[in-house]
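# Examining the three-dimensional arrangement
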Amino acid sequence: MAFTKINHYEHEYADTHRDTALNVAEGVADQPIVNPYLARRRKRALTTEEYIDGILRGDITILSRAITLVESSNPDHYAQAQQIIEGCLPHAGRSVRIGITGVPGAGKSTFIEAVGNMVTRLHHRLAVLAIDPSSERSGGSILGDKTRMTSISSNPDIFIRPSPSAGSLGGVARKTRETIVLCEAAGYDVIFIETVGVGQSETAVHSMVDMFLLLQISGAGDELQGIKRGIMEMADMMVITKADGENVHKAELARTQFQGALRLFPTPASEWRPKVYTCSAVAETGLEEVWKGIEEYVEHIERNGWFRRNRNRQNKYWMYETINEALRNSFYRNPAIEARIGELEQRVLEDKVSSFIAAKELLDLYFKQ
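The following paragraphs examine the structure supplied in this document. (Residues numbered from 1 in each chain as written. Predicted model: local features only at pLDDT ≥ 70, side-chain atom pairs only at ≥ 80, totals over all residues. Heavy atoms only, no water.)

## Some thoughts on the overall build of the protein
- Regarding its fold elements, the protein presents 15 helices and seven strands.
- By the burial criterion, 42% of the 369 residues in the protein qualify as buried.
- Summarising the internal contacts of the protein: among those between residues at least 6 apart in sequence, 73% fall at separations of at least 24.
- Split by element, the accessible area of the protein, about 21,900 Å² in all, is 55% carbon and sulfur. (Helix = DSSP H or I, 4+ residues; strand = E, 2+ residues; numbered from the N terminus. Buried < 20%, exposed > 50% of the residue type's maximum accessible area, 1.4 Å probe, protein only. Contact = heavy atoms within 4.5 Å. Areas by Shrake-Rupley, 256 points an atom, 1.4 Å probe, with all protein chains shown as cover.)

## Let's talk about helix H8 (residues 176-185)
- Of all ten residues in H8, ten are buried; the element is thus mostly enclosed.
- What H8 keeps buried is the set Thr 176, Arg 177, Glu 178, Thr 179, Ile 180, Val 181, Leu 182, Cys 183, Glu 184 and Ala 185.

## Examining the layout of surface pockets
- Within this model, the second largest pocket holds a volume of roughly 350 Å³.
- Taken together, the elements giving at least two residues each to the lining of the second largest pocket come down to strand S5 (211-216), helix H10 (229-234) and helix H13 (306-332).
- Examining the composition of the lining of the second largest pocket, we find that four residues originate from one element, H13, more than from any other.
- Residue composition of the lining of the second largest pocket, by class: 14 nonpolar, five polar and five charged. (1 Å grid on protein atoms, 1.4 Å probe; cavity = no way out; pocket = protein on both sides within 12 Å on 5 of 7 lines; lining within 4 Å. Points joined across faces, edges and corners; volume = space filled by probe spheres on them. Nonpolar A, V, L, I, M, F, W, Y, C, P; charged D, E, K, R; others polar.)

## Points about helix H3 (residues 60-71)
- With twelve residues, H3 extends 16 Å from end C-alpha to end C-alpha; this agrees with the ideal 16 Å at 1.5 Å per step.
- Of the positions making up H3, those classed as buried are Ile 62, Leu 63, Ala 66, Ile 67, Leu 69 and Val 70. An end-on view of H3 places all buried positions within 155 degrees of arc, on one side of the element.
- Regarding H3, its N-cap is Asp 59, as a side-chain oxygen of that residue lies 3.0 Å from the backbone nitrogen of Thr 61 further along. (Expected span 1.5 Å × (residues − 1). Arc of directions from axis to C-beta. Polar contact = N/O pair within 3.5 Å; in protein donor to acceptor, adjacent residues only side chain to side chain.)

## Comments concerning the packing of helix H2 (residues 48-57) against H3
- With their axes 8 Å apart at the nearest point, H2 and H3 run at an angle of 130 degrees to one another. With respect to H3, the element H2 is oriented oblique. Considering only the axes of H2 and H3, their crossing is left-handed. Contact with H2, carried on its side by Glu 50, Tyr 51, Gly 54, Ile 55 and Arg 57, involves Ile 62, Leu 63, Arg 65, Ala 66 and Leu 69 of H3 and no other residues of that element.
- Broken down by class, the residue content of the contact of H2 with H3 amounts to six nonpolar, one polar and three charged. (Axes fitted to C-alpha atoms, helices over the stretch in contact; angles between N-to-C directions. Parallel < 35°, antiparallel > 145°, perpendicular 65-115°, else oblique. Left-handed = near helix turned anticlockwise from the far one by under 90°.)

## Remarks on the side chain of Thr 241
- Within the secondary structure, Thr 241 sits in the loop between strand S6 (237-240) and helix H11 (248-262).
- Residue classification places Thr 241 among the buried residues on the basis of a relative accessible area of 4%.
- Aside from chain neighbours lying at most four places away, what touches Thr 241 is Ala 106, Leu 215, Gln 216, Ile 217, Asn 247 and Cys 279.

## Quick notes on the environment of Gly 293
- Structurally, the position occupied by Gly 293 is in helix H12 (residues 287-303).
- For Gly 293, a relative accessible area of 1% puts it in the buried group.
- Between the C-alpha atom of Gly 293 and that of Met 237, which follows or precedes it by 56 residues, the distance is 8.2 Å.
- Discounting chain neighbours no more than four positions away, the residues touching Gly 293 are Met 237 and Tyr 277.

## A look at the environment of Asn 315
- Looking at where Asn 315 falls in the secondary structure, it is placed in helix H13.
- You can call Asn 315 partly exposed: its relative accessible area is 37%.
- Sequence spacing of Asn 315 and Met 208 is 107 residues, and the spatial spacing of their C-alpha atoms is 8.5 Å.
- In this structure the side chain of Asn 315 is engaged in a polar contact, spanning 2.3 Å, whose partner is the side chain of Arg 177.

## Focus: unusual backbone geometry
- Unlike most non-glycine residues, His 123 shows phi in positive territory, near 70 degrees.
- You can see His 123 is positioned in the loop between helix H5 (108-121) and strand S2 (126-132).
- Note on His 123: relative accessible area 74%, which makes it exposed.
- Positive phi, close to 55 degrees, is recorded for Glu 284, a residue that is not glycine.
- Relative to the elements of secondary structure, Glu 284 occurs in the loop between strand S7 (275-278) and H12.

## Here we look at the pairing of S6
- Neither face of S6 is open: one carries Met 237 and Val 239, the other Met 238 and Ile 240, and all of them are buried.
- Where S5 meets S6, four bridges bridge the pair, whose relative direction is parallel. Bridging across to S6, Leu 213 finds its partner in Met 237.
- Two strands pair when backbone bridges link them, and S6 and S7 are joined in this way by four bridges, in the parallel orientation. Within S7, the position partnered with Val 239 by the bridge is Tyr 277.
- Read as a crossover between parallel neighbours, the route from S6 over H11 to S7 is right-handed. (Pairing = 2+ DSSP bridges. Right-handed = clockwise from strand over helix to strand, strands pointing away.)

## Things to note about the packing of H2 against helix H4 (residues 75-88)
- Following both chains from N to C, one finds H2 and H4 inclined at 45 degrees, their axes separated by 9 Å at the closest point. Here H4 runs oblique to H2, going by the angle between their axes. For the element pair H2 and H4, the recorded crossing hand is right-handed. Packed against H2, whose contacting residues are Thr 48, Tyr 51, Ile 52 and Ile 55, the element H4 presents Gln 80, Gln 83, Ile 84, Gly 87 and Cys 88 at the interface.
- Of the residues contributing to the contact of H2 with H4, the split by class is five nonpolar, four polar and no charged.

This is the structure in structure tokens:
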């Protein structure tokens, strides 16, 4: 009865106020945020043969998709990526691989941008594999190298691929070496690998390049204490960056100091004495001398056979690294290990069992499977 009465009052109010401006028109129903008629287009999965053909044609879209497969943790993607690499391998190996590292603030991206434009003017094709540090908390990366390298991002002869370090081996992306093979098959004859910075990642990069280039700045205190000795020993060439304006004199002084320090190191296996150069990427000075130094180094190691011996040594190294990684993943993903490792870890933390005994127990459990 009450409901009927309310409806009666509503109709009476509507009849008496029908011609007034107080009437409220019915609103329009909320529209969906996404257009319901917009069908989401999914990329068609390519066959292995289509990937290989596209890479050999130099199709950067297919090359990028292939690199994504290489970096994927999906087992199906990994299997196809290995087939693609195997198909591209006969067409790879015809490039100069250069690792570029330096102290924070040395201007690695600016240096690569300036040298990259010069290299393409010399009729080379350049691939830049930039390793971006991943967050220890979120695991994410900014991947901002294309934003920083604005002038070469649109260069048709330069391919830039930022990759997240994903916490692997001091910041080096796990699949960088396979990516090098794909870029070489696509026709890029100069490969730059930009590392996160001075640290553990340089050791891994050194094991996959023909030349290791170290960037340093002047005027940051005692230059010879500004960088680890181990990194200096790995360097085949050093470049003092930002040698412009009032900093020219400081850069020349730093060059002299570093050149003297490098003479104290033992002669490397390549029988090449590292040289130190100065340059300014902003003023574009000294870049041609740096590139001539790179060409001189490559000619030297090709002439004395170190180029091929070093490549063979690296191939052997990465074979064992791949085995070690596969065994490590197999161990930690084993159901029996997953069920037992937490308990043993807690016992180690409580000093109820030693680390070595706990490890042996887990290994015995794994090998009995």
